[in-house]
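Structure at a glance
Spelled out, the chains give:
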Amino acid sequence: MENNFDCIIIGAGAAGMFAAITSASEGYRTAVIEPNEKVGRKLAITGKGRCNVTNNCDADTVMKNVPRNPRFLYSALSMLSPADVMDFFEKEGVPLKTERGNRVFPVSDKAYDIVDALFFRMKREGVSLIRAKAKEITAEDGFVTGVKTDKGFFAAPKVILATGGMSYPVTGSTGDGYRMAEKLGHTVTPLKPSLVPLETAEDCAQMMGLSLKNATLSVRDNVKNKVIFKEMGEMLFTHFGVSGPLVLSASSRMEDVEENKYTLFIDLKPALSEEQLDGRVQRDFLERKNMQLDNALRKLLPEKIILPLLEKCGIDPEKQCNSVTKEERNALVRTVKNFSLTVTGYRPISEAIITDGGICVKEINPKTMESKLINGLHFAGEIIDVAGFTGGFNLQIAFSTGYAAAHNEW
């Protein structure tokens, strides 16, 4: 096995594979060190296995959707824009489509088409894939010399660290990259989950498994006394609280979750105003005047949410429709439009889609992704302290930083 290269990339995820393709296509002897049997394991499960590969927008819009250190990405996005990423995959034989919110997916709805496009392009470019676990990046006199692995030492004057964050450790993101960077003097900012399910004070066990397809979720910051997030989409009730696309997006808008800091409000009927909803409820009650309330509401609401909702209203579910007072009906309408849950915490970082935090951007050259501390050490992807909202922005960050890290002049 060859052990001397021009460039070694640690990690065969989105950032690592794109970096490898870029480096090899420019004529450098390139290797990727990856302990997993399959490359792109996390990439293969993104977007529910469909892979939201980027967002069909300009660089400025990407930066507006990156709450942490967006300006750091300016040069990388200038070098490789969303349009460039789309062009790359189209030329690799993966037709793409743009959906709601300018989210870009493969027409096939198969994430593996994206993984395969990267993998086979790497093979065509002659990238060496080393099945090993990286242990340490070596350096002498401030210059990178190579990588120690469980299969031996591999020498290179350039190493790109693209090991991902701490989320989904089963895919290989175990935090090893942070430890390797810290050993070389780099600062790792505090790590926390982002794009993650939320735990609630309320017991959601009765509603577990209930998926809402067209609900509007709002998040109120009770400390600042303002709504910090409001979107329509899909969400899911679980044994611990709530999950699903809407909830993941909402979580990325939240700073440290403290007790009673955030309240979620779910509008179960966003297409109807309170007045219209009240009219609908009155008609339903008139048609089913002798029916119990919990049965009468099944045409209006999913069955699993009826009892928890009536409990919030303080209305007896066995009460007949013709005996519901105006005050009770008003309370019912308000609760359907504002079903509230109190956030008590994030789920563990292992359940998050991405990690918030990482290698401090002040220690990285934004044009080349090279370390300002160690010559020849570069970073790409989630390991850097940048994190975007949902919508393909985080994969765009991975591709752009991977390209910048590999493309720079030596």
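First, a word on scope: everything that follows refers to the structure included in this document. (Residues numbered from 1 in each chain as written. Predicted model: local features only at pLDDT ≥ 70, side-chain atom pairs only at ≥ 80, totals over all residues. Heavy atoms only, no water.)

Turning to the overall build of the chain, a few remarks are in order. Per the secondary structure count, the chain includes 13 helices and 19 strands. When its C-alpha atoms are laid out on the principal axes, the chain stretches across 80 × 40 × 35 Å. Burial statistics for the chain: of 410 residues in total, 55% are counted as buried. Nonlocal contacts in the chain, meaning residues at least 24 apart in sequence, comprise 72% of its contacts between residues at least 6 apart. Carbon and sulfur atoms make up 49% of the accessible area of the chain, which totals about 18000 Å². With 51 positive and 52 negative side-chain charges, the chain shows a separation of 3 Å between the mean positions of the two kinds. (Helix = DSSP H or I, 4+ residues; strand = E, 2+ residues; numbered from the N terminus. Buried < 20%, exposed > 50% of the residue type's maximum accessible area, 1.4 Å probe, protein only. Contact = heavy atoms within 4.5 Å. Areas by Shrake-Rupley, 256 points an atom, 1.4 Å probe, with all protein chains shown as cover. Lys, Arg positive; Asp, Glu negative; His and termini not counted. Charge placed at Lys NZ, Arg CZ, Asp CG, Glu CD.)

Attention now goes to the pairing of strand E17 (residues 339-346). With six of its eight residues buried, E17 lies for the most part within the structure. Note: strand E12 (residues 198-200) against E17, three bridges, orientation antiparallel. The partner of Glu-199 across the bridge, within E17, is Gly-345. Relative to E17, strand E16 (residues 262-267) runs antiparallel, the two sharing four bridges. Each residue of the ladder has a partner; that of Thr-263, found in E17, is Thr-342. (Pairing = 2+ DSSP bridges.)

Here we take up helix H12 (residues 326-337). Compared with an ideal rise of 1.5 Å per residue, which puts 12 residues at 16 Å, H12 spans 17 Å between its outermost C-alpha atoms and is within 8% of the ideal. Among the residues making up H12, those that are buried are Glu-328, Arg-329, Ala-331, Leu-332, Val-333, Thr-335, Val-336 and Lys-337. Next to the buried residues of H12 lie E16, helix H9 (274-287), helix H11 (303-313) and E17. (Expected span 1.5 Å × (residues − 1).)

Take the packing of helix H1 (residues 14-25) against helix H13 (residues 393-407) next. The geometry of H1 relative to H13 is characterised by a closest axis approach of 7 Å and an angle of 35 degrees between their N-to-C directions. Between H1 and H13 the crossing geometry is right-handed. Only Leu-395, Ala-398, Phe-399, Gly-402, Tyr-403, Ala-406 and His-407 of H13 make contact with H1, whose side of the interface consists of Ala-14, Ala-15, Phe-18, Ala-19, Thr-22 and Ser-23. Looking at the contact of H1 with H13, its residues break down into nine nonpolar, four polar and no charged. (Axes fitted to C-alpha atoms, helices over the stretch in contact; angles between N-to-C directions. Left-handed = near helix turned anticlockwise from the far one by under 90°. Nonpolar A, V, L, I, M, F, W, Y, C, P; charged D, E, K, R; others polar.)

On to the side chain of Asp-6. Tracing the chain through its elements places Asp-6 in the segment before strand E1 (7-10). At 2.7 Å, the side chain of Asp-6 forms a polar contact with the backbone nitrogen of Arg-29. (Polar contact = N/O pair within 3.5 Å; in protein donor to acceptor, adjacent residues only side chain to side chain.)

Moving on to the packing of aromatic side chains. According to the stated counting rule, one finds six aromatic pairs in the structure shown. Centroid distance Phe-18 to Phe-399: 5.3 Å. Interplanar angle 50 degrees. Geometry classified as tilted. With Phe-18 in helix H1 and Phe-399 in helix H13, this pair connects stretches of sequence that are 381 residues apart. By relative accessible area, Phe-18 is classed as buried at 5%. Ring pairs connect the aromatic residues Phe-18, Phe-88, Phe-89 and Phe-399, which therefore count as one cluster. In this structure, Arg-50 is placed above the aromatic ring of Phe-105, and the distance from its NZ or CZ to the ring centre is 3.8 Å. Sitting over the face of the ring of Phe-339, Lys-312 holds its NZ or CZ atom 5.2 Å from the ring centroid. (Phe/Tyr/Trp six-rings, centres within 6.5 Å; stacked < 30°, edge-to-face > 60°. Lys NZ or Arg CZ within 6 Å of the ring centre and 35° of its normal.)

What follows covers the sheet that holds strand E9 (residues 152-155). The three strands lie next to each other as E7-E8-E9, forming an open sheet whose pairing is antiparallel. The sheet is open, and its two borders are formed by strand E7 (134-140) and E9, each paired with just one other strand. On average, each strand axis in the sheet is tilted by 25 degrees relative to the strand beside it, whichever way the strands run. Here strand E8 (residues 143-149) runs beside E9; their pairing, made up of four bridges, is antiparallel. Each residue of the ladder has a partner; that of Gly-146, found in E9, is Ala-155.

A few words now on the sheet that holds strand E19 (residues 377-379). The five strands lie next to each other as E6-E2-E1-E10-E19, forming an open sheet whose pairing is parallel. Two strands bound the open sheet, and with one partner strand each, they are strand E6 (128-130) and E19. Ignoring strand direction, the axes of neighbouring strands in this sheet form an average angle of 25 degrees. Where E1 meets strand E2 (residues 30-33), four bridges bridge the pair, whose relative direction is parallel. Paired with Ile-10 across the two strands is Ile-33, which belongs to E2.

Next up on the list: the environment of Met-86. With respect to the element layout, Met-86 can be found in helix H5 (residues 82-91). Along the primary structure Met-86 and Pro-106 are separated by 20 residues, whereas in three dimensions their C-alpha atoms are 9.8 Å apart. Not counting residues within four places of it along the chain, the set of residues in contact with Met-86 comprises Thr-54, Asn-56, Leu-96, Thr-98 and Val-104.

Before going further, it helps to spend a moment on the pattern of salt bridges. With the rule as written, the count across this model stands at 28 salt bridges. The partner of Arg-121 in a salt bridge is Glu-125, and the shortest N-O contact between them spans 2.9 Å. Relative accessible area serves as the criterion here: at 19%, Arg-121 is assigned to the buried category. The class of Glu-125 is partly exposed, set by a relative accessible area of 26%. Put simply, Lys-213 and Glu-234 hold a salt bridge, and the shortest N to O gap is 4.0 Å. Placement of the pair is Lys-213 in strand E13 (residues 211-221) and Glu-234 in strand E14 (residues 226-237), with a sequence separation of 21 residues. (Salt bridge = Lys/Arg side-chain N within 4 Å of Asp/Glu carboxyl O.)

Taken as a whole, the second largest pocket holds about 260 Å³ of empty space. Together, 17 residues line the second largest pocket, and Arg-68, Lys-192, Met-254, Glu-255 and Asp-356 are the ones closest to its centre. Looking at the lining of the second largest pocket residue by residue, the classes come out as six nonpolar, five polar and six charged. (1 Å grid on protein atoms, 1.4 Å probe; cavity = no way out; pocket = protein on both sides within 12 Å on 5 of 7 lines; lining within 4 Å. Points joined across faces, edges and corners; volume = space filled by probe spheres on them.)

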